[in-house]
Every structure is written in C-alpha cells, then in structure tokens.
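Structure at a glance
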Amino acid sequence: MRSVAEHRAAALALAGAPRRERIPVAAALGRVLAQDVRTRVDVPSFTNSAMDGYAVRVAEAAAGAILPVSADIPAGVFPAPLAPGTAARIMTGAPVPQGADAVVPREVTDDGLERVRITVAPAPGAHIRLAGEDARAGDLVLGAGAVLTPPGLAAIAGAGHAEVSVRARPRVLVVSTGDELRTPGEELAPGQIFDSNSTLMGALVAQAGGEAVAILRLGDDPEAFLAAVETASAGCDLILTAGGVSVGAYDVVKAALADAGVEFVPVAMQPGKPQGLGRVGRVPIACLPGNPVSVAASFTAFVEPMLRTMLGLPVREPEAAVAGEGWVSPPGREQRIPVVIEPPVPGGAGAPVVRPATAGGSRSHLGLRLAVAEGWAIVPPDVQRVEAGDSVGLMRFLP
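The notes below deal with the structure included here.

What counts, and at which threshold
- Residues numbered from 1 in each chain as written.
- Predicted model: local features only at pLDDT ≥ 70, side-chain atom pairs only at ≥ 80, totals over all residues.
- Heavy atoms only, no water.
- Axes fitted to C-alpha atoms, helices over the stretch in contact; angles between N-to-C directions.
- Helix = DSSP H or I, 4+ residues; strand = E, 2+ residues; numbered from the N terminus.
- Parallel < 35°, antiparallel > 145°, perpendicular 65-115°, else oblique.
- Left-handed = near helix turned anticlockwise from the far one by under 90°.
- Contact = heavy atoms within 4.5 Å.
- Nonpolar A, V, L, I, M, F, W, Y, C, P; charged D, E, K, R; others polar.
- Buried < 20%, exposed > 50% of the residue type's maximum accessible area, 1.4 Å probe, protein only.

**Regarding the packing of helix α3 (residues 197-207) against helix α6 (residues 292-310)**
Interaxial distance between α3 and α6 falls to 11 Å at its minimum, and their mutual angle equals 25 degrees. By the angle between their directions, the pair α3 and α6 is classed as roughly parallel. You can see that α3 and α6 cross each other, and the crossing is right-handed. From α3, Asn197, Leu200, Met201, Leu204 and Val205 reach across to α6, where they touch Pro292, Val295, Ala296, Phe299 and Leu307. Grouping the amino acids of the contact of α3 with α6 by side-chain chemistry returns 9 nonpolar, 1 polar and no charged.

Dropping the structure here:
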C-alpha cells in the first residue's frame, strides 16, 4: 500500500499551476492575489481635517480668542487659502486650507457661524491628517498570495484600484456514481439511496477555493461514464469522482479508467483505502471511494492540497492536539477520525482537546454523524490504541 504522504505527493504532482484573471475589487472577497497591489496615489491624497471644527493658525488661536469665520469647507471642495486673522469652519475629511496649521474641534468652541470663540488653544498640527500619511504612491498595499478580506478590499479600493488580478478558482467537474443513487426529495425504491456525495463534494470544492462547474450523477455503465466525463471535463482543471474505485464487479470508475492511464491503488488510510489518480486526456482526475466519510477524509488528505496548489497557497498541515478519551485505531493504516474540538485544558500544554464526534468512530458510511464533527484527528499507522492524554494530529475543517 502507498502511504498517505506518498499518495498526496502523487496528487500534488498532477496539480496545475495557478491561472490568473482580473475581476472587480467588489467581487474579490476571499480570492487570492495573483500579483502585488501598490497605491496609485498618496493616501490620503491631500491634507485634510480629522475633526469637524475650525481650521486656524496656531499663533492666532489662543484660548479665549475670537476669530471671524471666513469660509465653510465641506468635504469634496478644495478651499482658498485661509485669510490671516480668521478661522474657516471645516468638516471631517475636508481639505485643510493653505495657511492653516491646526484644526480646533467644535467641542472646544462656541460653534459660531460668523465669529467663533476658542476655549482651548490647539497644538501645531492638531487634528490634521497629512497627505501620504497612510501610504505614498507606489507603496505596497498587499502582496501576491494574500487572501482578500474586507479590510484588504477596502485598502485596494482606497489605493485607487477598481479591478484586481487574482488566481482563478480551479474549475472542477464533480461526478457521483452508482445506479442506486437518487436525487434527494424523490421516493426511494428498495435498494436505492439518496445521493449526498454530489452535495458534499461540491461544497468541499467551494470551501477549498475551487468552483464546481458541473456536477454529474452517472450510473454503472463504463462506456457511458467515460463518454460523459470526457465531454463534461472540457475546460476543467480537475475531475473529482466518488465511488466505483474498489474491487467490486460494478466499480464503474475503475472499469472505465484503469486502461486509460488512471492508477488505482490502496492507500494506508482509514477510512479511504481505495484511491485513484491520473488524467482523462489532459485533465487531472482524483477518484475517491464512495462512502461519505471516506469522501470527506480523502478530500482533505488529497484533493484540498491539489486545489490549494492550483491557487498558489501552501498546503495545510495538521496541528498538535490531545485526545480527550481513548479509542482504537487500525494497525498499519493512518486513521482519520471525525472529532469535536474542545479548548485546551487549563494548565496544560496549550493544545486543543479532541474527542470522537460519535460512538461510531471513523466508520465510512456514517455520513449523517459527520455533520457534528469539527475536524479530523490523525493517528499514525503504528498506533493501535489511543489513550486519553495522548498526542494526535488535528486537521480542522475549513470554515
């Protein structure tokens, strides 16, 4: 059997390089920058007031001074120079007139319209935001590889950019297989089940930064399967299948692709032992087993790293955790068991505590119970029994 690390390396070798696209800044939340973004102008681009108040010359604005109000300066209007011996009423964000060297907040004045009494003398530069104080033209805002957050998008817009170059979402064809599958909401005949893998894989792809451009449900006819996948995969960056990869008589994925260069191998992982990797034409394909827990575990172990590589992001690695209770683990296979996550024990080493999400452990068919889990505990293949307090790996589910 391949180790998990060996199979992940084989999967990553298939992943293509990131593609780029330009999109509006307003549509770029969560996307990955493809190139550095720099400011087009000084930010702010002009010296402006940080308060509603009065622009003054410090030398003329002692406590108790009464000054004529020579102008009103709203935001968006560039003012004339400040006349000597006067004050200009000014709004937050409005340009400071030439000659003024401080702003007196209205709270320390009598708020006069024609004449204003100043009760607290300002310090030089008080409540003035200087041009270029935040950034100078050409300064770096965010570097390539940054994941765009709301503050990041605001910074890019504030730097003068309407569009941004991002790494394109990998386009994924999602295929769920089996004659027994039916659409949720339909009536089930004996021997039929609802198709949950299509929903699971499509959501996992989106969560990992990809885009499920097509979702197919295909039966157990190898020729029909291959024809449908070849047609639907045009323009895709990855094909992802669930089911039909083991040693059964009707394992359609293996029957359709084994002679087409796709390699089907056992991997020392539980759940998720049967796996397939290769290409259909030029498009990489990852073939996962069909039980839902196996699908989710295999996706985190092998497909998510492929998608992150296609986005130019580092592959996530497990963090350290502590088992909150004991459980058994299969010998010779890396176990990935769904767990709930608890805060670190007070006075402990600071690692989170994990417990199996259900009494069912990591049995691969318990898909509904997977819903309460928050991550995977990862147990090395040479461990057959995890005891409370033992160290384990933890791979959190993506948010």
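**Re unusual backbone geometry**
Residue Pro44 is reached from Val43 by a cis peptide bond, and omega for that bond is -5 degrees. Positionally, Pro44 belongs in the loop between β2 (37-38) and β3 (48-49). The omega angle of the peptide bond from Gln270 to Pro271 is 0 degrees, so this bond is cis rather than trans. The residue Pro271 is located in the loop between β18 (269-270) and β19 (274-280) in this model. The backbone phi angle of Asp111 is positive, close to 60 degrees, even though this residue is not glycine. You can see Asp111 is positioned in the loop between β7 (102-105) and β8 (115-117). Judged by relative accessible area, which is 29%, Asp111 ranks as partly exposed. We note that His127 has phi near 60 degrees; this positive angle belongs to a residue other than glycine. According to the relative accessible area criterion, His127 is partly exposed, its value standing at 34%.

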